[in-house]
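The chain contents come next:
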Amino acid sequence: MYVYDAFDRRLLAERVAEFRDQVARRLSGELTEEEFKPLRLMNGVYLQLHAYMLRIAIPYGTLSTLQLRKLAEIARKYDRGYGHFTTRQNIQFHWIKLAELPDAMAELASVGMHGMQTSGNNVRNITTDQWAGVAPDEIEDPRIWAELIRQHVTLHPEFSFMPRKFKIALGASSRDRAALRIHDMALRLHRNAAGETGFEVMVGGGLGRTPYLAQTIKPFLPKRDVLSYVEAVLRTYNQFGRRDNIWKARIKILVHDLGAEAFAKEVEAEWQGIKDGALALDPAMVAEIASRFRYPDYEKLDDSPPQLAKARRDDRGFDTWMANCVANHKVPGYAVVTLSLKPQGGTPGDCTAVQMDKLADFADRYSFGEIRVGHEQNLALPHVAQRDLPALWRELDAIGLAQTNVNLITDIISCPGLDYCSLANARSIPIAQEITQRFRDLDIQRDLGRLHINISGCINACGHHHVGHIGILGVEKNGEEFYQITLGGKADENATLGTLIGPAVPYAQVADVVEDIAAAYLELRQPPQELFIDTVKRLGVEPFRERVYAAR
Amino acid sequence: MTSPLDQKKIKIAGPVVITANRVDDGAVVYRSPDGRWTTELGAAAVAIDADSARALAEAAAEDDLNAIGPYIAPVSVLPGGHVRPGNLRELIRLGGPTIELPTPLDS
């Protein structure tokens, strides 16, 4: 866990006091909505269809139990008893009242949380692999660098009014669990031929109306230079990014229009002027940041304790959960446990205050007081001793968080859609719910294997539909909800954008279409177990298109 | 959200109301015939021509203290005078999410 210092605490306290004054002036009429809107957005306060929404950052997806209990309290006291985890390691409360927001923010600040830069044209919450610090294939913990960048860009005046928002993600493993290439900028820690550790820098990724994957503009950046190089990228974007057209304002458009090579040259020119200045990282400063990440005091344990094997033999449910939800940990004798927030018929990413409180209790007992939030809208307990897994499973099962659908067809990423969002054209959640009902049989899900469905209720693509194995995008046609289907997208280390299979289908047919696609896959896959995404890659979308539209 | 100014040239194809979000809590409200805001669609002022819709919208836009982003929204008036939202978005704004919300007291 990262431990806040006095500076962090003071900054949050001052921000809450400032916002309290702004809210009071809005409620008294001293501020018009036009004047107030940019101020509330700077604190993560949106207006949705039915109410204000508060979006709270969970930097690099790491939560303490103190913070999770506070989120439960906020949900109970100021909202409707639940929160919604998003695809960007944020949590949203959808029913919060304006007059109560300052009090809610003060409570959040007491545990080091806030909504700053969860909206607006600035650097948004910096995300990482949710298994940072525990993944066996990780080179080093990327959160230290994420935190360094976070501190630098928080309320940075030069980067508070950029052409458009700017999303940064970091990873440090061979497997990409942070969807790096769909970000405005991504930094991947790796080793070069000389065995030195540095960053691959990728820029210009993003979904929305014009989706692009980020391109590598610097294959290897020494760690000392990461802050100056990030600064150079941001400055280049700030200078050349378009401000005349919101649809062309993201860095992806600039990188595409200029070409990655030309963009890289501009960055390089900017960087050469600043790389050896104040932003060159002093190892002592990096060590100071690193020292504020507290790691658990792990016991010396062996992998695969005998009681674990026995428990797996004795209980099929536990064995299934182990196979689906439990991953290896870098420390022997420990495991990473993923908690699916995708119940059958439920809303992807929603978590009740009761669940949050209980989960905090479990994390204290079994995971050194730490919880992780992933961009797939699931949670994880990152430090569970393998000997404790049977007991943890029983406790999770009792509150509906031991579902074994992780990475399966019902583990759906979905934006809130038209049920909440004022930008949406169509509903997302009911589509997800119907699909989870259709595929409720776990044996069928497991037979289908790894299969990601991503759903967005509008072209802004918060539900990452372009990179779903099956992507579903809601559109409106003559007042009716229709859905475009794409196949073959993925957000991993081999990121790919999906291909549209044909005309949009009406709301009532979406789940049927998904069933048709799944049936076609089962017929077309090569034995023994070719994954859905590999079948689409091998055959293209044509056989699926034929299957879907033959009957329509 | 479309502002009334953007909607000045709108052609009214049927009955409409003026709707907005309440400043205090963001709740959906409708402009009433007496120049107030109500959460009841049935109590909203219904306009059936462009001039009266525009007049209602302009008056609503003046009330920045109580309502955010007023705009003209279609409705249908059923026999007997019952007013219904004119599209899905407005139906959801009036009735809330079409999904069952999590129940706070259980898991």
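Analysis parameters
- Residues numbered from 1 in each chain as written.
- Chains lettered and ligands numbered in written order.
- Predicted model: local features only at pLDDT ≥ 70, side-chain atom pairs only at ≥ 80, totals over all residues.
- Heavy atoms only, no water.
- 1 Å grid on protein atoms, 1.4 Å probe; cavity = no way out; pocket = protein on both sides within 12 Å on 5 of 7 lines; lining within 4 Å.
- Points joined across faces, edges and corners; volume = space filled by probe spheres on them.
- Helix = DSSP H or I, 4+ residues; strand = E, 2+ residues; numbered from the N terminus.
- Nonpolar A, V, L, I, M, F, W, Y, C, P; charged D, E, K, R; others polar.
- Patch = residues over 30% accessible without salt bridge, like charges linked within 9 Å, V, L, I, M, F, W, Y side chains within 5 Å.
- Areas by Shrake-Rupley, 256 points an atom, 1.4 Å probe, with all protein chains shown as cover.
- Salt bridge = Lys/Arg side-chain N within 4 Å of Asp/Glu carboxyl O.
- Contact = heavy atoms within 4.5 Å.
- Buried area = accessible area lost by both parts, 1.4 Å probe.
- Polar contact = N/O pair within 3.5 Å; in protein donor to acceptor, adjacent residues only side chain to side chain.
- Pairing = 2+ DSSP bridges.
- Axes fitted to C-alpha atoms, helices over the stretch in contact; angles between N-to-C directions.
- Parallel < 35°, antiparallel > 145°, perpendicular 65-115°, else oblique.
- Left-handed = near helix turned anticlockwise from the far one by under 90°.
- Buried < 20%, exposed > 50% of the residue type's maximum accessible area, 1.4 Å probe, protein only.
- Domains from an automatic or database assignment.
- Phe/Tyr/Trp six-rings, centres within 6.5 Å; stacked < 30°, edge-to-face > 60°.
- Lys NZ or Arg CZ within 6 Å of the ring centre and 35° of its normal.
- Arc of directions from axis to C-beta.

**Some words on empty space enclosed by the protein**
Residues and elements named next belong to chain A.
1) Next: Counted according to the given criterion, the structure contains 7 cavities of 30 Å³ or more.
2) Next: By volume, the largest cavity is sized at about 110 Å³.
3) Next: Along its surface, the largest cavity is lined by Ala57, Pro59, His114, Met116, Gln117, Val123, Arg124, Asn125, Ile126, Arg150, Val153 and Thr154.
4) Next: By volume, the second largest cavity is sized at about 90 Å³.
5) Next: Together, Leu12, Arg15, Val16, Asn43, Met105, Leu108, Ala109, Met113, His114, Gly115 and Met116 line the second largest cavity.
6) Next: Taken together, the elements giving at least two residues each to the lining of the second largest cavity come down to helix 1 (6–28) and helix 4 (101–109).
7) Next: Split by residue class, the lining of the second largest cavity holds 7 nonpolar, 3 polar and 1 charged.

**Remarks on a nonpolar patch on the surface**
1) Next: Judged by side-chain polarity, Val46, Ile48 and Val77 of chain B come together as a nonpolar surface patch covering roughly 270 Å² of accessible area.
2) Next: The topology assignment puts Val46 of chain B in the loop between strand 3 (37–38) and helix 1 (50–62).

**A look at the interface of chain B and chain A**
1) Next: On the side of chain A, 37 residues touch chain B, which itself brings 26 residues to the contact.
2) Next: Summed over both partners, the interface of chain B with chain A comes to about 2500 Å²; 62% of that surface belongs to carbon and sulfur atoms.
3) Next: Here chain B and chain A share 1 salt bridge between them.
4) Next: Between Arg26 of chain A and Asp64 of chain B there is a salt bridge whose closest N-O contact spans 3.2 Å.
5) Next: Our count for the contact surface shared by chain B and chain A stands at 9 residue pairs in polar contact (both at pLDDT 80 or more).
6) Next: Looking at the side of chain B that touches chain A, the elements with two or more residues in it are strand 1 (16–22) and helix 2 (88–95) of chain B.
7) Next: Of all the elements, helix 2 of chain B adds the most residues to the side of chain B that touches chain A, at 4 residues.
8) Next: Class assignment for the residues of the side of chain B that touches chain A results in 13 nonpolar, 6 polar and 7 charged.

**Describing the pairing of strand 4 (residues 67–77) of chain B**
Residues and elements named next belong to chain B.
1) Next: Direction of pairing for strand 1 relative to strand 4: antiparallel, over a ladder of 6 bridges. Bridge pairing links Thr19 to Tyr71 in strand 4.
2) Next: Note that strand 4 and strand 5 (residues 83–85) share 3 bridges and pair antiparallel. When the bridges of strand 5 are listed, Ser76 appears paired with Arg84.
3) Next: Count of turn residues in the strand 4/strand 5 antiparallel hairpin: 5 residues, of which Gly80 carries a positive phi of about 100°.

**Details of the sheet that holds strand 1 of chain B**
1) Next: Taking strand neighbours across the sheet as the criterion, the 5 strands line up as 3-2-1-4-5 (chain B) in an open arrangement whose pairing is antiparallel. Of all the strands in the sheet, just strand 3 and strand 5 of chain B have a single pairing partner and so form its edges.

**Here's the deal with the sheet that holds strand 5 (residues 90–96) of chain A**
All names here are of chain A.
1) Next: Taken together, 5 strands build an open sheet; the order of strands is 1-2-5-4-13 and the sheet is antiparallel. Each edge of the open sheet is held by one strand with a lone partner, namely strand 1 (45–47) and strand 13 (350–352). For this sheet, the mean angle separating the axes of adjacent strands, direction not counted, is 30°.
2) Next: Of the pairings in the sheet, the one linking strand 2 (residues 52–57) to strand 5 comprises 5 bridges and is antiparallel in character. Among the inter-strand pairings, Ile56 is bridged to a residue of strand 5, identified as Ile91.

**Brief notes about the packing of helix 3 (residues 65–78) of chain A against helix 12 (residues 353–366) of chain A**
Relative placement of two packed helices is described by the angle separating their axes and the distance separating the axes.
All names here are of chain A.
1) Next: Closest axis-to-axis distance for the helix 3/helix 12 pair is 8 Å, and the angle between their directions is 165°. Compared by their axis directions, helix 3 and helix 12 come out roughly antiparallel. Viewed along their axes, helix 3 and helix 12 form a crossing whose handedness is left-handed. Residue-level inspection shows Thr65, Leu68, Arg69, Leu71, Ala72, Ala75 and Arg76 of helix 3 in contact with helix 12, the latter providing Ala353, Val354, Met356, Asp357, Leu359, Ala360, Asp361, Ala363 and Asp364.

**Overview of the layout of surface pockets**
All names here are of chain A.
1) Next: Volume-wise, the second largest pocket comes out at about 820 Å³.
2) Next: As for the second largest pocket, its lining consists of 39 residues, of which Arg175, Glu376, Asn407, Arg450 and His452 are closest to the centre.
3) Next: Elements supplying a minimum of two residues to the lining of the second largest pocket: helix 11 (316–325), strand 11 (326–328), strand 14 (370–373), strand 15 (379–385) and helix 17 (532–539).
4) Next: The dominant element in the lining of the second largest pocket, judged by the number of residues it contributes, is helix 11, at 3 residues.
5) Next: Residues that form the lining of the second largest pocket fall into these classes: 16 nonpolar, 12 polar and 11 charged.

**Examining helix 11 of chain A**
Residue and element names in this part refer to chain A.
1) Next: Inspection of helix 11 places Phe318, Thr320, Trp321, Met322, Asn324 and Cys325 among the buried residues, and these make up the whole buried set.
2) Next: At its buried positions, helix 11 is contacted by helix 10 (306–314), strand 11, strand 12 (334–339), helix 13 (389–398) and helix 15 (442–448).
3) Next: For helix 11, the N-terminal capping position is held by Asp315, with its side-chain oxygen 2.8 Å away from the main-chain nitrogen of Gly317.

**Re the domain arrangement of chain A**
Frequently, the measure chosen for interface size is the accessible area that the parts lose on association.
Residue and element names in this part refer to chain A.
1) Next: Here chain A is described as being made up of domain 1 (6–109), domain 2 (134–291), domain 3 (306–398) and domain 4 (413–550).
2) Next: In this complex, domain 1 contributes 10 residues to the contact, which on the side of domain 4 involves 10 residues.
3) Next: For the pair domain 1 and domain 4, the summed buried surface comes to about 780 Å²; carbon and sulfur atoms form 57% of the total.
4) Next: At the boundary of domain 1 and domain 4, one finds 4 residue pairs in polar contact (both at pLDDT 80 or more).
5) Next: Of all the secondary structure elements, the ones that give two or more residues to the side of domain 1 that touches domain 4 are strand 4 (82–85) and strand 5.
6) Next: Element by element, the count of residues in the side of domain 1 that touches domain 4 is highest for strand 5, at 3 residues.
7) Next: Residue classes in the side of domain 1 that touches domain 4 are distributed as 4 nonpolar, 6 polar and no charged.

**Structural notes on the packing of aromatic side chains**
Residues and elements named next belong to chain A.
1) Next: As enumerated under the stated definition, the model contains 14 aromatic pairs over all chains in all.
2) Next: When the centroid spacing of 6.2 Å and the interplanar angle of 25° are considered together, the rings of Phe19 and Phe36 count as stacked. With Phe19 in helix 1 and Phe36 in helix 2 (residues 33–41), the pair connects residues that are 17 residues apart, well separated along the chain. Side by side, Phe19 and Phe36 carry an identical accessibility label, which is buried.
3) Next: An aromatic cluster is defined as three or more aromatic residues linked by ring pairs; in this entry it consists of Tyr298, Tyr334 and Phe368.
4) Next: Of note, Arg80 hangs over the ring of Trp95, and the distance from its end group to the ring centre comes to 3.7 Å.
5) Next: The positively charged end of Arg209 is found above the aromatic ring belonging to Trp247, 3.8 Å away from the centroid.

**Details of helix 2 of chain A**
1) Next: Of the positions making up helix 2 of chain A, those classed as buried are Glu33, Phe36, Arg40 and Leu41 of chain A. One face of helix 2 of chain A carries all of its buried residues, which in axial projection span an arc of 125°.
2) Next: On the buried face of helix 2 of chain A, the contacting elements are helix 1, strand 1 and strand 2 of chain A together with strand 4 of chain B.

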